[in-house]
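A closer look at the structure
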Amino acid sequence: MTDTATPDTSDERVKEMSAFRKALIRPELGGICGTIIVFLFFALFAHDSGMFNSQGVMNWSVVSAQFMIIAVGACLLMIAGEFDLSVGSMIGFAGMMIAIFSVTLSWPVWMAILVTFALCLALGALNGFIVIRTGLPSFIVTLAFLFILRGFTIYFPQTIERKTIIGGVKDAAEGDWLAPIFGGKILTGLFQWLGDNGLIAVFERGTRAGEPVVDGIPMLIVWALMLVVFGHILLTKTRFGNWIFASGGDAQAARYVGVPVNRVKILMFMFTAFCACVFATCQVMEFGSAGADRGLLKEFEAIIAVVIGGALLTGGYGSVIGAALGALIFGVVQQGLFFAGVESSLFRVFLGVLLLLAVILNTYIRRMITGER
Amino acid sequence: MADPIIRMVDIEKHFGRVIALAGVTLEIFPGECHCLLGDNGAGKSTFIKTMSGVHKPTHGEIFFEGQPLHFDDPRDAITAGIATVYQDLAMIPLMSVSRNFFMGNEPLKRIAGFPFFDHARANTVTMEEMRKMGINLRGPDQAVGTLSGGERQTVAIARAVYFGAKVLILDEPTSALGVRQTSNVLATIDRVRKKGIAVVFITHNVRHALAVGDRFTVLNRGKTMGTAMQGEITPEELQDLMAGGQEMAELEGSLGGTV
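Conventions and cut-offs
- Residues numbered from 1 in each chain as written.
- Chains lettered and ligands numbered in written order.
- Predicted model: local features only at pLDDT ≥ 70, side-chain atom pairs only at ≥ 80, totals over all residues.
- Heavy atoms only, no water.
- Helix = DSSP H or I, 4+ residues; strand = E, 2+ residues; numbered from the N terminus.
- Rg over C-alpha atoms; globule rule 2.2 N^0.38 Å.
- Buried < 20%, exposed > 50% of the residue type's maximum accessible area, 1.4 Å probe, protein only.
- Contact = heavy atoms within 4.5 Å.
- Areas by Shrake-Rupley, 256 points an atom, 1.4 Å probe, with all protein chains shown as cover.
- Lys, Arg positive; Asp, Glu negative; His and termini not counted.
- Charge placed at Lys NZ, Arg CZ, Asp CG, Glu CD.
- Domains from an automatic or database assignment.
- Buried area = accessible area lost by both parts, 1.4 Å probe.
- Salt bridge = Lys/Arg side-chain N within 4 Å of Asp/Glu carboxyl O.
- Polar contact = N/O pair within 3.5 Å; in protein donor to acceptor, adjacent residues only side chain to side chain.
- Nonpolar A, V, L, I, M, F, W, Y, C, P; charged D, E, K, R; others polar.
- Phe/Tyr/Trp six-rings, centres within 6.5 Å; stacked < 30°, edge-to-face > 60°.
- Core = buried A, V, L, I, M, F, W, Y, C linked by side-chain atoms within 4.5 Å.
- Right-handed = clockwise from strand over helix to strand, strands pointing away.

Here we look at the overall build of chain A
Counting secondary structure elements, chain A contains 16 helices and 4 strands. Its C-alpha radius of gyration of 23 Å places chain A within 12% of the 21 Å reference for a compact globule of 373 residues. The dimensions of chain A, computed from C-alpha atoms along their principal axes, are 85 × 50 × 35 Å. Across the 373 residues that make up chain A, the buried fraction comes to 51%. In chain A, of all internal contacts separated by at least 6 residues, the share reaching a separation of at least 24 is 77%. Total accessible area computed for chain A in this model is approximately 17,200 Å², and 66% of it derives from carbon and sulfur atoms. Of note, chain A has its 24 positive side-chain charges centred 6 Å away from the centre of its 24 negative side-chain charges.

Details of the domain arrangement of chain B
Residues and elements named next belong to chain B. Structurally, chain B comprises domain 1 (6-92 + 150-255) and domain 2 (95-142). Across the contact, 13 residues belong to domain 1 and 16 residues belong to domain 2. Buried surface at the junction of domain 1 and domain 2, both sides included, amounts to about 1,400 Å², of which 67% is carbon and sulfur. Looking only at domain 1, the three residues that lose the most surface to domain 2 are I92, Y162 and F163, adding up to 41% of its buried area. The interface formed by domain 1 and domain 2 includes 0 salt bridges. At the junction of domain 1 and domain 2, the tally comes to 4 residue pairs in polar contact (both at pLDDT 80 or more). Looking at which element gives the most residues to the side of domain 1 that touches domain 2, the answer is helix α5 (residues 149-162), with 6 residues. Residue composition of the side of domain 1 that touches domain 2, grouped by class: 7 nonpolar, 2 polar and 4 charged.

Some thoughts on the environment of N100 of chain B
All names here are of chain B. Within the secondary structure layout, N100 lies in helix α3 (residues 97-101). Distance in space between the C-alpha atoms of N100 and T126 is 9.5 Å, their sequence separation being 26 residues. Filtering out sequence-adjacent residues up to four positions away, N100 remains in contact with M91, I92, M95, V144 and R159.

Points about the side chain of T281 of chain A
Residue and element names in this part refer to chain A. Looking at the element boundaries, T281 is found in helix α13 (residues 261-287). Classification of T281 as buried rests on a relative accessible area of 0%. Those residues in contact with T281, other than ones at most four positions away along the chain, are I98, I113, F117 and F182.

Remarks on the packing of aromatic side chains
All names here are of chain A. Evaluation of the coordinates by the stated rule reveals 26 aromatic pairs over all chains. Between F39 and F52, the aromatic rings sit 6.5 Å apart at their centres with planes inclined by 45°, giving tilted as the arrangement. Here F39, found in helix α2 (residues 29-45), pairs with F52, found in the loop between α2 and α3 (54-79); they are 13 residues apart in sequence, far enough to count as distant. Consider the rings of F330 and F347, whose centres lie 5.9 Å apart with planes at 55°: the pair is tilted. Of this pair, F330 sits in helix α15 (residues 320-339) while F347 is found in helix α16 (residues 346-370), placing the two residues 17 residues apart along the sequence. Both residues of the pair, F330 and F347, count as buried. A connected cluster of aromatic rings, assembled from ring pairs, spans F117, F182, W223, F230, F271 and F274.

So, the nonpolar core
If you look at the biggest cluster of nonpolar residues, it comprises 119 residues, and the most contacted ones within it are I69, F182, I244 and M285 of chain A. Among the elements that line this core, the one with the most residues is α3 of chain A, at 17 residues. Among all residues touching M285 of chain A, those that are not within four sequence positions of it are I98, V109, I113, V169, K170, A173, A179, F182 and G183 of chain A. Core analysis: the second largest hydrophobic core is formed by 45 residues, I135, L168, V199 and I233 of chain B among them.

A closer look at unusual backbone geometry
For L187 of chain A, which is not glycine, the phi torsion reads 60° and is therefore positive. Inspection of the secondary structure puts L187 of chain A in the loop between β2 (185-186) and α9 (188-196). L187 of chain A sits in the partly exposed class, given a relative accessible area of 44%. Positive phi is not limited to glycine here, since E172 of chain B has a value of about 45°.

Let's talk about the pairing of strand β9 (residues 167-171) of chain B
Side-chain direction in a regular strand flips from residue to residue, so the side chains alternate between the two faces of the sheet. Residues and elements named next belong to chain B. Burial runs high along β9: 5 of the 5 residues are buried. Judged by which residues are buried, β9 turns out to be covered on both faces: V167, I169 and D171 on one side and L168 and L170 on the other are all buried. Regarding topology, helix α6 (residues 179-194) serves as the crossover connection from β9 to the parallel strand β10 (residues 198-203), and that connection is right-handed.

Spelled out as structure tokens, the structure:
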């Protein structure tokens, strides 16, 4: 018995895997291909439309960064095996809370921001806690919160101010120490220098003549990149990352070897809420106002970006870099179609097709990994 | 004869009005493969779950290395050195072998004060341990999903042994496997036993039990039907004990002795 069971050579029935096939079963593959195709496409059809000058680049970078922020949270949560459909409502709710605290209640803006973050983290934890405790699908629990939070986001400003948009945050944030972390810009000196040396466009006339058209990198983009780097390192390089994969791959098997699955899932719900709150704060600081309809459909856009980025809807597999590329594709296409002069409603058609292709590709990749047929 | 590593005395477990275990006594010795046989519903699963800390016994005592023992949850049992490998919940198919191997016990290295997953070490150890078990991986990043059922069981067993299990409980490791994979797993059990680890092998297949077992205990309707040593008992006797004797003998007659 013992001698039959110790083969010294590798199994002759397993074919050597080609490097191409190996590259194919990386979760980021779809995202990388998609990014290349999208950039090639717009380089061909919109290269003279201003899409690739400094202003155009900033335009689609900001939109992509917005998607990226929520995609990182959605990605880690999806890999941990759960969904959050309340992201969009959370964005609206968080923005409205900041506006109510700082404008209506005249709190200092830093306090409004911090309290809102605490509130969002608590709501994320509540989402997670209900999912864990009841064993209900997160789809249903967070769908409930989609409506609950949106309802409050409309109710509060209407009751307090008799309108659904609260403005004046910009004035309130004047001189605040925390507000620039979300609404400020960095490297303004560098961009001024680039403008002075004719490397990027500057305003020709008007009050801002001589200033560069793009005067710095918004903190929104900085947040997006920081969250992507953080998420990627957390997922691939730490013990906790292994727990995220394990919790989404098979929660029961993970529990048997001592992975604290419940804690991992609740923390990921909180992280998703944190990302939504970052998005909301940046948006409120940029616009100077909060609206009750902010963040509509963002939960689906985040999930689409994550799926384009190669994550499996069933959990246990995916990549933050992939999700970030998904968000980039999303932003470039949305803004690019505008630059290319295509009817903007076609964006949704394109999105649907892209989603479908991504899911089909992912299913195929999963079969290759697990050897199912 | 060495002292038993685990002694379970008169274990009873009731679930509401159902008596799943009605006084089971069992001794498990290091370096031996103790086969626990029984038909479906005999109480095998309840019994090993009591041993691995999932259930608390309603009555009776457990001695581990001579000391009375109370597990609050499975984590305590794992820490004490009692590892359980469940049939279909051993591994996560989408994750790599090395990530699976160290799941819950990830090796860490510090970079700038922050603890990071030490992938290099995890990969080296995984390849080494797999080679010892006779599995040649394409690489440590190969997904577990590409392994056969028997190989997955073997990885799970290797993992338990590597992390210092003194008692290894295998819950029906061969019931879903083909002939060749079964013999691989049985060979692994043999290898583990020779390291001085106590193996508790749960099965309802008499042939598999007799192939590697040193000691056989048959459970039926929550009670032990007795323990026998290798060589003291024939497959037919074991089969009869499992099924509770009479009606099985009749059935076997009509099936021509093929069961």
